[in-house]
Amino acid sequence: MSRKQNDKSKTLATESVLRYTAAATDAVPRSVRTRYSAAIEQVNNANLESPQTKTVRSGTNNNAGETAGCTDKTADHSAITAQYSTTERADYVNAGQNFLAQNAIKVDTITVDTITAATVTAATVTAATARAAKAGVSAVGRRNFLLAGLGLMGGAAAGAISVIPKAKAASNLPPNIPSWSRTLGSGVLTNPYGKPSAFEANVQRRTVDWLTPDRIASISFTPLADLKGIITPSGLVFERYHAGLPEIDPHQHRLMIHGMVERPIILSMEDLMRFPATSRIAFLECPANGGMEWRGAQMNGVQFTHGMLACCEWTGVLLSTLLAEVGVSKQASWILAEGADGAHMSRSIPMEKAMDDALIVYAQNGEALRPEQGYPVRLLNPGWEGNTCIKWLRRLEIGDKPWYHREETSKYTDLMPDGTSREFTFVQECNSVITSPSPEKPMNHGKGKYWIEGLAWSGRGTIKHVDVSLDGGVTFREARFTSIVLPRALTRFGLEFDWDGSPALLQSRATDDTGYVQPTYEQLRAVRGTNSIYHKNAIHTWKVSATGAVQNVQLS
Amino acid sequence: MCNSVKLFRTLLLLISCSWSAGGFAANAPGYYTYGKAASAAEIAGWDIDIRPDGQGLPEGSGSVEDGEGIYERKCAECHGSFGEGVGQFPILAGGNDTLTHQRPVKTVGSYWGHTSTLFDYIRRTMPFSQPASLEDNEVYALTAYVLYLNDIVADDFVLDRENFATVQLPNRNNFVPDPRPDVDNKRCMKNCRNPAEITISSSVSAPPPAALSLPTAEAALPADHPGAQIYEQYCMLCHKTGVAGAPMLGDKKQWDERLAQGLAVVQKHAIEGYTGKRGVMPAKGGFADLADDAVRQAVKYMSGTEQ
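Residues numbered from 1 in each chain as written. Chains lettered and ligands numbered in written order. Predicted model: local features only at pLDDT ≥ 70, side-chain atom pairs only at ≥ 80, totals over all residues. Heavy atoms only, no water.

**Q** Would you mind showing me how to read the overall build of chain A here?
**A** The secondary structure content of chain A amounts to ten helices and 24 strands. Buried residues in chain A amount to 59% of all 556 residues. Of the contacts made within chain A by residues no fewer than 6 positions apart, 72% connect residues no fewer than 24 positions apart. Total accessible area on chain A is roughly 21100 Å²; 57% of this is exposed by carbon and sulfur atoms. (Helix = DSSP H or I, 4+ residues; strand = E, 2+ residues; numbered from the N terminus. Buried < 20%, exposed > 50% of the residue type's maximum accessible area, 1.4 Å probe, protein only. Contact = heavy atoms within 4.5 Å. Areas by Shrake-Rupley, 256 points an atom, 1.4 Å probe, with all protein chains shown as cover.)

Here it is, written out as structure tokens:
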């Protein structure tokens, strides 16, 4: 998006915020307010239909929502074409600054928008009500007034907040009985496939447009700050495509296994699911996770500093089972895994991993894999670069040498300061990050007790300790695990922190069961310089200011 | 299933020529017999990979000269006529001796290790918008041309299966195995560093993008559209975020579907109000005083229709 457009949208958004604020604080002409409430009334009445009509309606609604999801893709396509001509070549840092500048603008308005909405709901209404009450509200009528105010705010609030129930916010609080306790909710099958509450609409994957030339070969990030436990909901797992998201008919999808084998075979999804199945929880991390931070702090949220990360329960067939079935030659030592997407993504996988814990996955968190995650079948190499976990898997070729394909030479090799590059750097080493507080989760309750929490993981094994520092790494206190602790899986830690209101530098440092301790930036850079892009697992620092705002910083 | 011949074969295989899974006794090949045997023709259709030793290279050849024309037609729009990269699209040529620089430029010529990688990659996925659409001879020619752009072959070079292995890339010997763990931090708990020496070396001042950044085309819509202001004043309440099922501003698919009934009908619905499949659209959004024309303009704006 060009700077110009951005400015425009800034003005637009700011104006609308002003308008909302104005509306909520009774600057809106009376006639308008009354009509809003009339409109809402109308909507409300219309919803008092027979339950049957309602269900049917909702069903369609749901479908429409799904198709709408696809639109974005098409829309993006044209956006890309438009972008081709406008994008200027910008090197890493220029691009970064550009992004920050743009984001500062964008974010600025958005934040205002939300805060306004939120504050308005809680505070302004009360104030307005009080004022209205004082004035006697002869003209408008208390009820209409509130309806009007809330109707307007509904639009401003993040996400599609339903007009129904549209009762007065304050009257939903004790000692009053909330409107939703006094009305019937929607029936079963309102959402035949359930979805998060509309109030959670801001919990979503996001991208950073300057990272890639388009959204087809691009990445989006998991909103780590809003997640709990260790399982990433399927719809929030970060995306990484090299030729966009293919839509694959599972009935026509095949997995071919050939090469140095006795019995080359072709399996349908049905065939695949007949093999003995196994499930395991494992993290999935793009080796470029945090790669934008090698030269210095650059991203303004944990979603972007660490969000190429997810953890799911994966179900499928052990690759070793399939290899036994085809009879792999003893001379074989590598396997080429290849996707069915337009990129035909390919990586060479050593036989040891294939025989150890590599999994041919067709289900994720209890249901079929999501398209974004490789539907109908993908490879999963627990603890290894996400890039090796080929999605939309169509082919496994058994050979005796690595293939040195583009994704293991041009990309996913780590350039060292002496000009050499490390190849086949598979393992995602021990890492951790505090997800709250974070830029997205500021400490906005003033002094007092805070629950610090975060995630730790290691591709080599199990997390043993996570230590948290509040003073930039001078002293550490061991956090406790608040989740199940599994090898090669996200592990959640937490620690209580009594904040005295002075600025703090928060860090977490994980140790895994091989004894490896998560390094500092200084240690990593001393060996690897700043141009290796991948495998950045340095101890991360959040600066907490006296106001409780949290900022991404790096220390020296 | 388990007749003696099979059992014998199993043992033989396990002992002699097969890998077995992590300590477990693996089943004999064909133990499950699921799926079907892959025929040579089926394999040939999908087996597109090339290895550095030339395994997988198809019959064919292509010259730098042929490559130039194809490249100009199919590649230059993104990668530039000289491989310099347009916009953010990858640079394919140059960057020699920059790998130790502050800003290394990694290209086929400066960074890649094997010619086969180039052939393989072009064949499996380029040109970007038509993956796997090139003839083998075109791939040979394009490979030759990209090599030429990198000064690795001369302008009269013709690449084929036979001479393929003779073309070597400059950076081929600079890849090393993974030596990690390569750092050794200690688990210190107290006095781990001198507080006086801690300085902030870099920081991000932009606030976090905590709130919605829904990928709507909203920002791209012309704000000076005559309908824009009406929309913002009267319609945005529901149509910005989809309140009560209202189609969202910039949701092209939704609007295209609705526009299929004709703009006039959609406008009529907005003016007179109606109950649709998703919810209720109140007449003029509830603002009875709005002029019909204003509503029509707002509809045009919201639906992305030309004014």
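**Q** How should the overall build of chain B be read in this particular structure?
**A** Helix and strand counts for chain B come out as ten helices and seven strands. When burial is assessed residue by residue, chain B has 46% of its 307 residues classed as buried. Pairs at least 24 apart in sequence give 55% of the contacts found in chain B among residues at least 6 apart. Working note: accessible area of chain B is about 15200 Å², and carbon and sulfur atoms make up 54% of it.

**Q** How should I be thinking about the packing of helix 9 (residues 263-272) of chain B against helix 10 (residues 292-303) of chain B in this particular structure?
**A** Helix-helix packing is characterised by the crossing angle of the two axes and by the distance between the axes. Residues and elements named next belong to chain B. Across the interface, helix 9 lies against helix 10 with an axial gap of 9 Å and an inter-helix angle of 120 degrees. Judged by the angle between their axes, helix 9 and helix 10 are oblique. The handedness of the crossing between helix 9 and helix 10 is right-handed. Facing helix 9, whose interface residues are Leu263, Val266, Gln267, Ala270 and Ile271, helix 10 presents Asp292, Val295, Arg296, Val299 and Lys300. (Axes fitted to C-alpha atoms, helices over the stretch in contact; angles between N-to-C directions. Parallel < 35°, antiparallel > 145°, perpendicular 65-115°, else oblique. Left-handed = near helix turned anticlockwise from the far one by under 90°.)

**Q** Help me understand the pattern of salt bridges in this model?
**A** Side chains that differ in charge, positive against negative, can pair when their charged atoms come close. Counting across every chain of the model gives 44 salt bridges over all chains. Where Arg296 of chain B meets Asp293 of chain B, a salt bridge forms, and the shortest distance between an N and an O atom there is 3.4 Å. Taken together, the residues Arg296 of chain B and Asp293 of chain B, both in helix 10 and three residues apart, mark about one turn of the helix. One network of salt bridges, with partners in common, ties together Glu338, Arg394, Arg395 and Glu397 of chain A together with Asp47, Asp49, Asp120 and Arg124 of chain B. (Salt bridge = Lys/Arg side-chain N within 4 Å of Asp/Glu carboxyl O.)

**Q** I would appreciate a short explanation of the sheet that holds strand 1 (residues 206-207) of chain A in the present structure.
**A** Backbone-to-backbone hydrogen bonds join strands into a sheet, with any given pair of strands oriented parallel or antiparallel. Residues and elements named next belong to chain A. Read from one edge of the open sheet, three strands run 1-2-3, paired in antiparallel fashion. Of all strands in the sheet, those bounded by a partner on one side alone are strand 1 and strand 3 (239-240). Relative to strand 3, strand 2 (residues 219-221) is paired through two bridges, and the arrangement is antiparallel. In the strand pairing of strand 3, Ile219 is matched with Arg240. (Pairing = 2+ DSSP bridges.)

**Q** Got a minute to help me understand the domain arrangement of chain B in this structure?
**A** Interface extent is often summarised as the accessible area lost during association of the parts. Per the domain assignment, the segments of chain B are domain 1 (61-174) and domain 2 (226-303). The straight-line distance from the C-alpha centre of domain 1 of chain B to that of domain 2 of chain B is 51 Å. (Domains from an automatic or database assignment.)

**Q** Explanation requested: helix 10 of chain B in the structure shown.
**A** Since the α-helix packs 3.6 residues into each turn, any two residues three or four apart lie on the same face. All names here are of chain B. Spanning twelve residues, helix 10 covers 17 Å between terminal C-alpha atoms, matching the ideal 16 Å at 1.5 Å per step. Buried residues of helix 10: Ala294, Val295, Ala298, Val299, Tyr301, Met302 and Ser303, and no others. Downstream of helix 10 by a residue or two, Gly304 has a phi angle that is positive, lying close to 75 degrees. (Expected span 1.5 Å × (residues − 1).)

**Q** Hey, could you run me through the sheet that holds strand 4 (residues 175-176) of chain B in this one?
**A** Read from one edge to the other, the open sheet built from three strands follows the order 14(A)-15(A)-4(B), with strand pairing classed as mixed. Among the strands making up the open sheet, the edge pair consists of strand 14 (414-415) of chain A together with strand 4 of chain B.

**Q** Explanation requested: the pairing of strand 16 (residues 431-436) of chain A in the structure shown.
**A** Looking along a regular strand, one sees the side chains alternate between the two faces of the sheet. All names here are of chain A. Along strand 16, six of the six residues are buried, which leaves the element largely enclosed by surrounding structure. Looking at chain direction, strand 16 and strand 17 (residues 448-457) are connected through five bridges and run antiparallel. The residue bridging Ile434 from the neighbouring strand is Gly454, located in strand 17.

**Q** Is there a simple way to explain the confidence of the model for chain A in this structure?
**A** It should be kept in mind that the predicted coordinates are not to be read in detail where pLDDT is low. Looking at chain A, pLDDT values average 78 and 70% of them are 70 or higher. Below pLDDT 50 for its whole length, residues 1-167 of chain A participates in 217 contacts with residues either more than four positions away or in separate chains. (pLDDT = per-residue confidence, 0-100.)

**Q** How should the nonpolar core be read in this particular structure?
**A** A general tendency of soluble globular proteins is for nonpolar side chains to be buried together. All names here are of chain A. Within the largest apolar cluster, 43 residues are counted, with the highest numbers of intra-cluster contacts made by Leu272 and Ile360. Mapped onto this core, the elements with two or more residues apiece are strand 4 (254-259), strand 5 (265-268), helix 6 (269-274), helix 8 (319-326), strand 8 (334-339), helix 9 (351-356), strand 10 (359-364) and strand 13 (393-399). Those residues in contact with Leu272 that sit more than four places away from it in its chain are Leu255, Leu267, Val317, Leu322, Ile360, Tyr362 and Val377. (Core = buried A, V, L, I, M, F, W, Y, C linked by side-chain atoms within 4.5 Å.)

**Q** How should I be thinking about the packing of helix 5 (residues 115-125) of chain B against helix 6 (residues 136-149) of chain B in this particular structure?
**A** All names here are of chain B. Helix 6 packs onto helix 5 with a crossing angle of 130 degrees between their chain directions and a minimal axis gap of 9 Å. Judged on the interaxial angle alone, helix 6 and helix 5 are oblique. At the point where helix 5 passes helix 6, the crossing takes the right-handed sense. Across from Thr115, Leu118, Phe119, Ile122 and Arg123 in helix 5, the residues of helix 6 making contact are Asp136, Val139, Tyr140, Leu142, Thr143, Val146 and Leu147. Looking at the contact of helix 5 with helix 6, its residues break down into eight nonpolar, two polar and two charged. (Nonpolar A, V, L, I, M, F, W, Y, C, P; charged D, E, K, R; others polar.)

**Q** For this particular structure, what's the right way to read a negative patch on the surface?
**A** Residue and element names in this part refer to chain B. A surface patch of negative charge is lined by Glu65, Asp66, Glu68, Glu72, Asp155 and Asp156. One can find Asp156 in the loop between helix 6 and strand 3 (158-160). A relative accessible area of 60% places Asp156 in the exposed class. (Patch = residues over 30% accessible without salt bridge, like charges linked within 9 Å, V, L, I, M, F, W, Y side chains within 5 Å. Lys, Arg positive; Asp, Glu negative; His and termini not counted. Charge placed at Lys NZ, Arg CZ, Asp CG, Glu CD.)

**Q** Where do I start with helix 8 (residues 252-259) of chain B in this structure?
**A** Of the residues making up helix 8 of chain B, those classed as buried are Gln254, Trp255 and Arg258 of chain B. Each buried residue of helix 8 of chain B sits inside an arc of 90 degrees when the element is viewed along its axis, so together they form one side. (Arc of directions from axis to C-beta.)

**Q** What should I look at first to understand the state of the cysteines in this one?
**A** What is meant by a disulfide is a covalent connection between two cysteines, made through their sulfur atoms. Throughout the structure, instances matching the rule amount to one disulfide over all chains. A sulfur-sulfur distance of 2.0 Å marks the disulfide that ties Cys188 of chain B to Cys192 of chain B. Between Cys188 of chain B and Cys192 of chain B the disulfide shows an S-S torsion of about -100 degrees. By sign, it is left-handed. For Cys188 of chain B, a relative accessible area of 23% gives the class partly exposed. Unpaired in this structure, Cys389 of chain A has its nearest cysteine sulfur neighbour in Cys286 of chain A, at a distance of 11 Å. Its sulfur unpaired, Cys78 of chain B is 8.8 Å from the next cysteine sulfur, which belongs to Cys75 of chain B. (Disulfide = S-S within 2.5 Å.)

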